[in-house]
Structures are given as structure tokens and as C-alpha cells.
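# Structural description and commentary
Each chain, letter by letter, is given below.
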Amino acid sequence: MGTTAGGTSRLRESVKRIVRETPVTDMHTHLFAPAFGGLNLYSLDDLLTYHYLTAETMRWSDLPYEQFWSLSKRGQAEHIWQQLFTAHSPISEATGGLLQVMKELGLDTSSRDLETHRSAWDAWDAGAHVEQVLGAARVRDLVMTNDPFDDAERKVWEAGEGRKDARFHAALRTDPLLNDWPAAARKLPELGYQVSEEWSEETKAEVRRFLREWIGKMDALYLAVSMPGDFVYPADDHRSRMIDEVMIPVCREAGIPFALMIGVRRGVNPGLRLAGDMSMRSDTGAVEALCRRYPEQKFLVTMLARENQHELAVLARKFRNLMIFGCWWFLHVESMMEEMTRFRVELLGTSFIPQHSDCRVFGQLIYKWGRSREIIGRVLADSYERLAGTGWRVEEADIRRDVRDLFGNNFWRFLGRPEKALQEEEA
Ligand code: FIX
Ligand code: ZN
């Protein structure tokens, strides 16, 4: 018999403490290990120019978009600070999040002087900063988003430097293959693959070889793609052919999941660049058809529209080869996370992945995981409290096991890599 978690308020406190303390595997980020040089973003100006904040700034700013983009990163950061932190109160998720990061790293957030904050920040050693952030956010390891079509990134992989730090796992991102095939077909020959735009046997074999070789080079944990909301499957189109004849066979052979992030409409306002993407309702029928047609293939799925979330959670009850994950992008706000986490627990117990951070800049791990832990802790505290009310003995060891499942082990088991699971003694 273990220790029971105690009376009601003690139980709530234990749950929240365990959720705060348990390390996490962050299964989708856009962060890079320090070996990736300039791709690894960690400065205060990087945080300020995050595309979430750029979009919010442009609601206030009178600057023509191109004039904003022509500013240096430093100039853009100053404009954003001025609009969002000086001229208005920073109460949105992203602005409040930045202040939380600054506070936890020891800056005096009562001061509105950006220059003072910058000089304190710039004095920090980059490597030490990365360690400090991982420690403060209790992120044990994380998954990058790795794009072999990106020239700067490819160099690092080709030099054998990409997986030097074992805490940074790779995910092979394949958007151009599905979403911009003409561009992918132009690029692949440059990378040494005999591909043409025509869907020939040779092209298919060569794209399979490309994926196979890059999965190997990166030791990729999964193949990933983001899809627009109007993605349909099956269909008589390029996407269905690429999925059926290339992606699924390669994933099956490598024994890795296929991750689909569905529901983004890219560039609805091109002037905003990366900040100009929109969310879009999707048809969960495409995921249903994939899960049914390929019962041996695992699918990691997240959707961007709030309207799709309940149906997606129900779908996960029907297919054990479907793992739903995260509160993605515009859903990574308190009200949406709370709502989604509650009905996911109600429908699926602990058999899902409640959150990924999607961070692009290191410090963001602190606020994104801080907020997520707070919300997940609250939802779980309610659940265990109800459970205890039935007379069930809620053991502290059970809570720890469940939180380890949610924060990493559901992911690692789904991947068939239980050896990477979070261990009891790590908490
Ligand atoms: O496609 C993705 O992986 C998205 O998460 C990003 O492209 C998006 O820009 C983002 O950073 C959202 O958080
Ligand atoms: Zn992402």
C-alpha cells in the first residue's frame, strides 16, 4: 500500500504539486539545440518578435507592414514593446506570458524600460540560459521540427551535429511534399533524388528513399505535416496518393507514427508573414478514414479549430491507433485549454497528450508549461477529488503515474519506445 493522498484540500494540493514537479517531454516545438547555431532563438528580442506578438501589435500600429518588416529585429522588438507593453496593458496570453518569463528569470518586471531588461538578458551566457530555462520549465526533453528542405538546417544534419544533445529529438517535417508538390519536386533533384513533378513509379520510389534516408539521419521520432482545414481523405488528389503510396509505407517500414496537424489556413493576410495564418474548421472524417484504413499505423493528431475538438476526442475513443495531442496555437490560451482538458479527461481518462508547447524561442517554455501545468493541475485536482468522493483510495503513486503518462509516457509508449519513458525517480 502506498501513501494515500489525504483529505480533500490536501489531495488538491498534492495533485497540483505533482503536476508542477513532474518533468515533461515536450512532443512538438520549433526549438533547436544549440548545435544549430542561429536557428536556436533565445534573446529577449526573439521573444518580443514572436509572431503571436507581431499579430497583436499590428492591431494597434499604424506602420505599413513593409516598413515594420524593414526594421531590424531590435527595431521591431522596440515597436512591439512600445505598442503592447507601454501604450496598452499586456493582458493577452502571449504578452502576459512574456512577463512571466521575465519575472521567473529574475528581471524587475515593475520596470518598463526595455533597455534595462535587454542589457540584463544579453549578459547571460547562451548555454547557461538554455539549461536554466529547461530546468525552470521542468522540460526533460523535447522534439524539434526538422525540415530537410531548409538549407541552413540541412547543413547541421549533414555535418552529423543534429542529435548531439540527446534531449533534443527530431521530427521529420514534410509539408512541401503534401502542400506544395511543384516546389518539392523542384527541390528534391537538388538534394540528389530523381524526382519529377509527374507521379511516376520512379518519383514515388525516390520520395520514399528521401524520407527513409532522412528518418535515419535524424533518428526522427515521427513524420509530421500541417494541413489546411479543407484536407480531405481519401480523395482522387495528390495528397491522398502521397499519403497512401509514400508516407504510410515509409512510416510502417520505419515503425514511426504519422503526425497530422490539421486546420491551418496559411497566409490569410500575407502582409503579416508568419503571423498571417488563420485557423479553419476541418473534417474529422479524414482522420477517421486514415485510422480505419491503416489500423497498424499510428497517428498523432491535433486540430486547430475549437469546433473540431470534441469530435476529435470522441474519435480517439474509437481508434487506439489515434493519439490526440496538445492545445495548438490559438487554442493555447487559458479558456480553451481548460475546456479542452476537461472534456478530454472526461472522455478519455488519462489516455491522451494534453499539451505541447509549440515554442519557437527558448524562454517561452517557462510560460507555456507554467500556464499548462496550472490548468492541467486544476482539472486533475477536480477529477481526483470526485474520485475520492466515491470512496476510492487515491494513492499518491497513482497520481504520479497518471501525470507521468500525460506528460510523456503516453507519447513514448505510443511510439513504441518505453525505454525513454519518464521514470519515477526523475520527478
Ligand atoms: O505548423 C506548425 O507547426 C505551427 O505550429 C506553426 O507553423 C505556427 O506558426 C506556430 O508557431 C504555432 O504555434
Ligand atoms: Zn508547430
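Residues numbered from 1 in each chain as written. Chains lettered and ligands numbered in written order. Predicted model: local features only at pLDDT ≥ 70, side-chain atom pairs only at ≥ 80, totals over all residues. Heavy atoms only, no water.

### Side note on the nonpolar core
Residues Leu177, Leu188, Phe258, Leu260, Leu300, Leu365 and Phe411 are the most contacted members of the largest nonpolar core, which totals 143 residues. For this core, the leading source of residues is helix α17 (residues 364-389), giving ten residues. Excluding anything up to four places from it in sequence, Leu188 contacts Phe149, Leu177, Trp181, Tyr193, Val195, Val207 and Phe210. (Core = buried A, V, L, I, M, F, W, Y, C linked by side-chain atoms within 4.5 Å. Buried < 20%, exposed > 50% of the residue type's maximum accessible area, 1.4 Å probe, protein only. Helix = DSSP H or I, 4+ residues; strand = E, 2+ residues; numbered from the N terminus. Contact = heavy atoms within 4.5 Å.)

### Focus: the packing of helix α1 (residues 8-21) against helix α18 (residues 396-414)
Closest axis-to-axis distance for the α1/α18 pair is 10 Å, and the angle between their directions is 35°. At the point where α1 passes α18, the crossing takes the right-handed sense. The segment α1 lies against α18, with Leu11, Ser14, Val15, Arg17, Ile18 and Val19 engaging Glu396, Ile399, Arg400, Val403 and Phe407. A breakdown of the residues in the contact of α1 with α18 according to their chemical character gives seven nonpolar, one polar and three charged. (Axes fitted to C-alpha atoms, helices over the stretch in contact; angles between N-to-C directions. Left-handed = near helix turned anticlockwise from the far one by under 90°. Nonpolar A, V, L, I, M, F, W, Y, C, P; charged D, E, K, R; others polar.)

### Side note on the coordination of the zinc ion (ligand 2)
A four-donor tetrahedral metal ideally has 109.5 degree angles, and a six-donor octahedral metal ideally has angles of 90 or 180 degrees. Coordination of the zinc ion (ligand 2) by the protein comes from His28 (NE2), His30 (NE2) and Asp358 (OD), over a distance range of 2.0 to 2.1 Å. When the donors of the zinc ion (ligand 2) are listed by position in the chain, the intervening gaps give H-x1-H-x327-D. One end of the pair, His28, is in the loop between β1 (24-26) and α2 (44-48); the other, Asp358, is in the loop between α16 (334-348) and α17, with 330 residues separating them in the sequence. Pair check on accessibility: His28 and Asp358 agree, each one buried. (Donors = N, O, S within 2.8 Å, 3.2 Å for Na, K, Ca; no water.)

### Regarding the sheet that holds strand β6 (residues 258-262)
A sheet is described by the order of its strands in space; here five strands give the open sequence β4-β5-β6-β9-β10, paired in parallel fashion. With one partner strand each, in any of the chains shown, β4 (172-173) and β10 (322-324) form the two edges of the open sheet. Inspection of the sheet shows strand β9 (residues 299-303) paired to β10 by three bridges, in the parallel sense. Paired with Leu300 across the two strands is Met323, which belongs to β10. (Pairing = 2+ DSSP bridges.)

### What to know about the side chain of Arg400
Examined against the element boundaries, Arg400 turns out to sit in helix α18. With a relative accessible area of 18%, Arg400 lands in the buried category.

### Regarding the pattern of salt bridges
Tallying each qualifying case throughout the model produces 45 salt bridges. A salt bridge links Glu253 to Arg212; the shortest N-O distance between them is 2.7 Å. Of the two residues, Glu253 sits in helix α13 (residues 238-254) while Arg212 sits in helix α12 (residues 201-218), which places them 41 residues apart along the sequence. The class of Arg212 is partly exposed, set by a relative accessible area of 38%. With a closest N to O distance of 3.1 Å, Glu396 and Arg400 form a salt bridge. In this pair, Glu396 and Arg400 both sit in helix α18, four residues apart, roughly one turn of the helix. For the pair formed by Glu396 and Arg400, the shared burial category is buried. Several salt bridges converge on common partners, so that one network encompasses Arg12, Glu93, Glu334, Glu338, Arg342, Arg371, Glu374, Arg378, Asp382 and Glu385. (Salt bridge = Lys/Arg side-chain N within 4 Å of Asp/Glu carboxyl O.)

### Quick word on the sheet that holds strand β3 (residues 168-169)
With respect to topology, three strands assemble into an open sheet ordered β1-β2-β3, the strand pairing being parallel. Looking at strand neighbours, the two that pair on one side only are β1 and β3, the edges of this open sheet. Note: β1 against strand β2 (residues 139-143), three bridges, orientation parallel. Bridge pairing in β2 places Asp26 opposite Leu142. Contacts from α17 reach β1 and β2, with the element oriented near 120° to β1. Against the sheet, α18 contacts β1, β2 and β3, and its axis sits at roughly 60° relative to β1.

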